[in-house]
Structures are given as C-alpha cells and as structure tokens.
Amino acid sequence: MRTTARGVLAATCISTLVVNANTSAVSILLPAISEDTGMGVDTLQWAVTGYSLVGAAVIITSGSLGDVFGRRKVFQLGLALFVVSCVMIALAESGGMVIAGRVVQGAAGSTILACGLSLLTVATSGDQRLKFVSLWGAAAAVGAAAGPLLGGVLVDVTGWQGLFWIDAGVAVLCMALTFMTVQESRDETRPRSIDYLGTVLIALTLVPLIYGFTKSGDWGWISAATLGCFAASAVAGFLFIVIEKRVAVPLLDLALLRNRILVGSTLAILIGAGTINGLMYLLSLYFQNPAALGFTPLEAGIATLPATVGLVAVAPLVPKLAKKLGGRQVIGVGFILMAVGFGWIGFTDSSWAYVAFLLPILAIAVGMGLSNGPASSAATACVPQEQVGGASGVSNMARYVGAAVATALCATIYATVESNQLDDGASPGDALASGLGAASWLMAVISALGILLAVVAIRRHKAAEGTAGDAAAAAAAHLHTIPTTAAGSAS
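Residues numbered from 1 in each chain as written. Predicted model: local features only at pLDDT ≥ 70, side-chain atom pairs only at ≥ 80, totals over all residues. Heavy atoms only, no water.

Draft legend 1. Representation of the overall build of the chain in the model. Looking only at helices and strands, one finds 17 helices and 0 strands in the chain. Whereas a compact globule of 491 residues would reach a radius of gyration of roughly 23 Å, the chain reaches 21 Å, a difference of no more than 12%. Residue pairs at least 24 apart in sequence account for 82% of intrachain contacts in the chain once pairs closer than 6 positions are excluded. On the chain, roughly 18,600 Å² of surface is accessible, and the fraction owed to carbon and sulfur atoms is 67%. Each charge class in the chain was averaged separately, 24 positive and 24 negative side chains, and the resulting centres sit 18 Å apart. (Helix = DSSP H or I, 4+ residues; strand = E, 2+ residues; numbered from the N terminus. Rg over C-alpha atoms; globule rule 2.2 N^0.38 Å. Contact = heavy atoms within 4.5 Å. Areas by Shrake-Rupley, 256 points an atom, 1.4 Å probe, with all protein chains shown as cover. Lys, Arg positive; Asp, Glu negative; His and termini not counted. Charge placed at Lys NZ, Arg CZ, Asp CG, Glu CD.)

Draft legend 2. Expanded view of helix α3 (residues 46–69). The largest bend along α3 reaches roughly 40° and is located at valine 58. The element α3 is largely enclosed, with a buried count of 22 among its 24 residues. One or two positions beyond α3, positive phi appears at glycine 70, with a value near 120°. (Bend = angle between axes of the 7 residues up to and from the residue. Buried < 20%, exposed > 50% of the residue type's maximum accessible area, 1.4 Å probe, protein only.)

Draft legend 3. Highlighting the side chain of threonine 275. By the element assignment, threonine 275 lies in helix α10 (residues 260–288). Separated by 2.8 Å, the side chain of threonine 275 and the backbone oxygen of isoleucine 271 make a polar contact. Apart from the residues lying within four places of it in its own chain, the contact partners of threonine 275 are Met338, Phe342, Ala406, Met443, Ile446 and Ser447. (Polar contact = N/O pair within 3.5 Å; in protein donor to acceptor, adjacent residues only side chain to side chain.)

Draft legend 4. A look at the packing of helix α4 (residues 71–90) against helix α5 (residues 95–123). Where α4 meets α5, the closest approach of the two axes is 7 Å, and the angle between their N-to-C directions is 155°. By the angle between their directions, the pair α4 and α5 is classed as roughly antiparallel. The two elements α4 and α5 meet at a crossing, and its hand is left-handed. Broken down by class, the residue content of the contact of α4 with α5 amounts to 17 nonpolar, 7 polar and 3 charged. (Axes fitted to C-alpha atoms, helices over the stretch in contact; angles between N-to-C directions. Parallel < 35°, antiparallel > 145°, perpendicular 65-115°, else oblique. Left-handed = near helix turned anticlockwise from the far one by under 90°. Nonpolar A, V, L, I, M, F, W, Y, C, P; charged D, E, K, R; others polar.)

Draft legend 5. The packing of aromatic side chains, seen in detail. The tally for this structure, following the rule as stated, stands at 13 aromatic pairs. Plain terms: the ring middles of phenylalanine 347 and tryptophan 441 are 5.1 Å apart, the flat faces sit at 80° to each other, and that makes the pair edge-to-face. Within this pair, whereas phenylalanine 347 is found in the loop between α13 (327–345) and α14 (355–381), its partner tryptophan 441 is found in helix α16 (residues 428–456), the two being separated by 94 residues in sequence. Residue class for phenylalanine 347 comes out exposed when judged on its relative accessible area of 58%. Assessed through its relative accessible area of 38%, tryptophan 441 is described here as partly exposed. (Phe/Tyr/Trp six-rings, centres within 6.5 Å; stacked < 30°, edge-to-face > 60°.)

Draft legend 6. Looking closely at the state of the cysteines. The full count for this structure, using the stated rule, is 0 disulfides. Unpaired in this structure, cysteine 410 has its nearest cysteine sulfur neighbour in cysteine 229, at a distance of 19 Å. With a relative accessible area of 0%, cysteine 410 lands in the buried category. (Disulfide = S-S within 2.5 Å.)

Draft legend 7. Spotlight on helix α15 (residues 388–423). The first and last C-alpha atoms of α15 sit 52 Å apart over 36 residues, in line with the 52 Å expected at 1.5 Å per residue. Glycine 425 lies just past α15 and shows a positive phi near 95°. (Expected span 1.5 Å × (residues − 1).)

Draft legend 8. Spotlight on the environment of glycine 78. In this fold, glycine 78 is placed in helix α4. For glycine 78, a relative accessible area of 0% gives the class buried. The sequence separation of glycine 78 and isoleucine 112 amounts to 34 residues, and the corresponding C-alpha distance is 5.3 Å. Once residues lying within four places of it in the same chain are set aside, the contact partners of glycine 78 are Ala108, Thr111 and Ile112.

Draft legend 9. Structural view of the pattern of salt bridges. Counted according to the given criterion, the structure contains 2 salt bridges. For aspartate 67, the salt bridge goes to arginine 71, with nearest N and O atoms at 3.2 Å. Classification of arginine 71 by relative accessible area gives buried; the value is 10%. Measuring nitrogen to oxygen at the nearest pair gives 3.6 Å for the salt bridge that ties aspartate 218 to lysine 215. With aspartate 218 and lysine 215 both in helix α8 (residues 196–219) and 3 residues apart, the pair spans about one turn of that helix. (Salt bridge = Lys/Arg side-chain N within 4 Å of Asp/Glu carboxyl O.)

Draft legend 10. Inspection of the environment of alanine 273 at higher detail. As for its position among the elements, alanine 273 is in helix α10. The spacing of alanine 273 and leucine 251 is 22 residues in sequence and 22 Å in space, taken between C-alpha atoms. Ignoring sequence-local partners within four residues, the contact set of alanine 273 consists of Met368, Arg399 and Ala403.

Draft legend 11. How the structure looks around the nonpolar core. Grouped together as the largest cluster of nonpolar side chains are 134 residues, with contacts concentrated most on Trp160, Phe164, Tyr286, Phe287 and Phe357. Ranked by the residues each element gives to this core, the list is headed by α10, at 14 residues. Those residues in contact with phenylalanine 164 that lie beyond four places of it in its chain are Asn22, Val26, Leu29, Cys86, Ile89, Ala90 and Gln105. Within the second largest apolar cluster, 9 residues are counted, among which are Val314, Ala315, Leu370 and Ala474. (Core = buried A, V, L, I, M, F, W, Y, C linked by side-chain atoms within 4.5 Å.)

Draft legend 12. View of a nonpolar patch on the surface. On the surface, a nonpolar cluster with roughly 460 Å² of combined accessible area is contributed by Val445, Leu449, Leu452, Val455 and Val456. In this structure, valine 455 sits in helix α16. (Patch = residues over 30% accessible without salt bridge, like charges linked within 9 Å, V, L, I, M, F, W, Y side chains within 5 Å.)

Draft legend 13. Representation of the confidence of the model for the chain in the model. In the predicted model, the chain carries a mean pLDDT of 90, and 99% of its residues have values of at least 70. Confidence, read as mean pLDDT per element, is least for helix α17 (residues 468–475) in the chain (78) and greatest for α4 (96). (pLDDT = per-residue confidence, 0-100.)

Draft legend 14. The side chain of arginine 72, seen in detail. Looking at where arginine 72 falls in the secondary structure, it is placed in helix α4. The buried charged residue arginine 72 lacks any salt bridge, with glutamate 184 as its nearest oppositely charged partner at 4.9 Å. Here phenylalanine 179 takes part through its backbone oxygen, which lies 3.5 Å from a polar atom of the side chain of arginine 72.

What follows is the structure, encoded as structure tokens:
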C-alpha cells in the first residue's frame, strides 16, 4: 500500500460530502419518517438534536484519538460507525430506532470530519495543502447544499430509507479507498492521555439542558422537572471546568477562554450555526404540512435550497469584504440581515405563498455567510500557531452545540404555540403560522444579540488575504472551521 495525496483527497472529500448531505437532508425526511413510524415530528426532532449533541461531545475527542491511536484507523472506525448507523436507520420500524441511529451517526460524522481533515493535512504540504484543504471545504459546502434536494428526490423514488442505504454504500467505498491509498499517521509527540471524562461531562451538560428545553412546554418553565434538568446541566458544566483544570491533556484548554476575540467569534459561530439549523428544521416541516403549503418532500427540498445556495454564493466575497471593511463590521452586517430575515418570517400568515418566504430566506442565508466566514477566520487568527488546532476545536464544538440547542428551542416553541392556538380554536393553518412566527422571532432576537457581540467582543485581528482557499473556508464555515491565511497570526 502506498499513500497518494489524490487518494487521500478523494476519500476525505467524498466522505465529508456524504456526511454533510446526510445531515442537511434529515429535516426534509422527518414528515415521511413520522408517517411511517407513527412518532410525532416534535419527538423526532431528537433525530436532529441528538446528532448534534453527540457530535459536540465527540468532535474534539475523535481528533485526539486519531493523534494517539492513528488517524487512518480512527477515520475508518468513523466510516464503519456511519455504515452501521445508516443500516440501523434504514431498517428502523420505530421512531426510537431512527433516533438511536442518528445518535450513533453524530459520533460517526464528527469523527469522519475531524480525522479526515487531519489526514489530508498530514498527507500534503505547501500550496498543495492549501488547494486540497480548500477542495475539502468546497465538498462540505456542496454536500450541505445538495442534501435537502437529494432527500426530497429519494423520498419520492425510493422512500426515505433510500438516502441511508445509498450513504452506507458510499461509506463502504470510502473505507476501501482509504485502505488502498492512505497510510497510517499519528502524532508521536502528543501525550497518550485522552480526556474521556471531559467528553462524558460535555454530554451530561447538554442532554439535560436540551431535554429541559424540549419538555418545558409540557412541564412548564418553572416546574420542578424543568428546573431539575437545568440544575443537572449546571452541575455537570461546573464539574467539566473542574476536571479540565486537573487533567494532563484537557479536552478544552481553559486558557483559550481568556482570549476575548476567540470567545466572541466562537459565540458568533454558535449563533450562526444554531439559527440556520433552526430555520431549516422549521421550514422543512412548515412547507410540507398540508395545513400550510402542502409541498411534497422534493418541492420542500427545492424550496429550502436558497438557504444553502445563498450562503455558498456569497462566500467568495466574504474574505475580501472582511479585509477591506474589517471582520467585525462584516459580522455585524451579517447578523443585521439575519435578524431582519427572521423578523420578516415572524410575521408569517397562513395565507402566505412560498414567494413571501423567498427574500427573507435569502437574507438569512447571505447574513449567515457574511457573519460566519469572518468569525471562523477570527477564531484561528487571534491565537498563536500552536493554538490554532485548539481554537478550531472550540469553534467546531460550538457549531454542534448551537445546532442542538437552537433546534430544540425551535421545535419546542413551534409545537407549543401550535398546540395552544388549536386549543383556543384557531384553524390548523393559523396555528402553524403562529408557531413558525413565534420561533422565528426568537431566532431574530438571538441574531440581534450577535450584532451586539460583534461590536463588543470581536476586536481587530489580522484578516485573511482573500485567496481562493479563504473563499472555500468561508463557504464551509457554517459546517467546519478551516484555518485561513490569517491563522496563527497572533503573537
């Protein structure tokens, strides 16, 4: 066996494309899965939040496992888990099995992304590394854009299970390609200690937090059960901080949290990832509901396509704008556009046709592109070179956390308001519109907080040069942090 850079590129790009396409397609599939399994979509949202929750806990650990035990070995393990999860979901006869499969898939997906990028970085150098990492980022962005459309097509052609059978097959091919073309590598200088307890504590922090949000509509926000969930989350979070101060190789270097720019940019990334995932979840359900627009899965996939296409289309302009105007200014403008777009959708009426949603969707997408690209660049530009990996890990974890929390909040508000409206005698169409509007107003408020964050926390830092690689990093910034030409510039 011999390692070829192009072989590594093929294996990692195909795998990241499949993972991101799968992730973005699932929201489109939820109504069809609900119909087949009998589980309500408000419960099936755990197929989305569970994926993100486990991904948040695992993404840094999986990179550490690759450094210690071998990146190729752990990458292959991620692909094998992905195959297992796809088969679990495709064969599922209950909603609970779908959710369980997606939880496994969250661990698999974060492992594939973390170790795949490491493999590609190790196998290349210089201009080739910049080019290949840029292609990896482009593959991630294309996968995210194509996912909803592919999911919609497959629901009509093969049933919702078809997506997971195809993804399993592609993952098996990636395993074979990796075996033939990728040589093992590891970080011989890294201590072999891995912070497993930190990983568990992150999960124990997020699970009760999100479960409390999800059940608050039934329990009440100040009920003993809801407050107990939040208290358990706070205790686990405190223990995580205590443990991270004592372990030899912490999952999270707490010293990084003293860097105001890194904290600000990471929170901006969390807000951006959370709101775009919340939007895709809400629109996928609303567009397909017979009491709303009544779209088929394919029509819904096409209808949500502007959200990802607009985000990717603006990416080539983002690094140049940030260099010319300043990253903080571009981030602020991005969040303004997002807040306006969500506010517009907040006025949703049951009489609205699809065209009424198009401009606000585009505004949110462009705003997301403007805010998340410079925020990701700032996260790796505001630290010295030796801390770039840690800063990237923090921002990547933030994406998963944002997606999990925002989706849970949106699902809870959407379902609770709809139910309350129906109890008050509203028509199904009006109840759905009220639920969508209420959840969108929350996303508008969160986006407005991003404006304040850009002004207060994200100060001057070295901007990326605006190369093609920087543009690719901006296009993939809502999925993964790829260091730009400004990375590691802090002294």
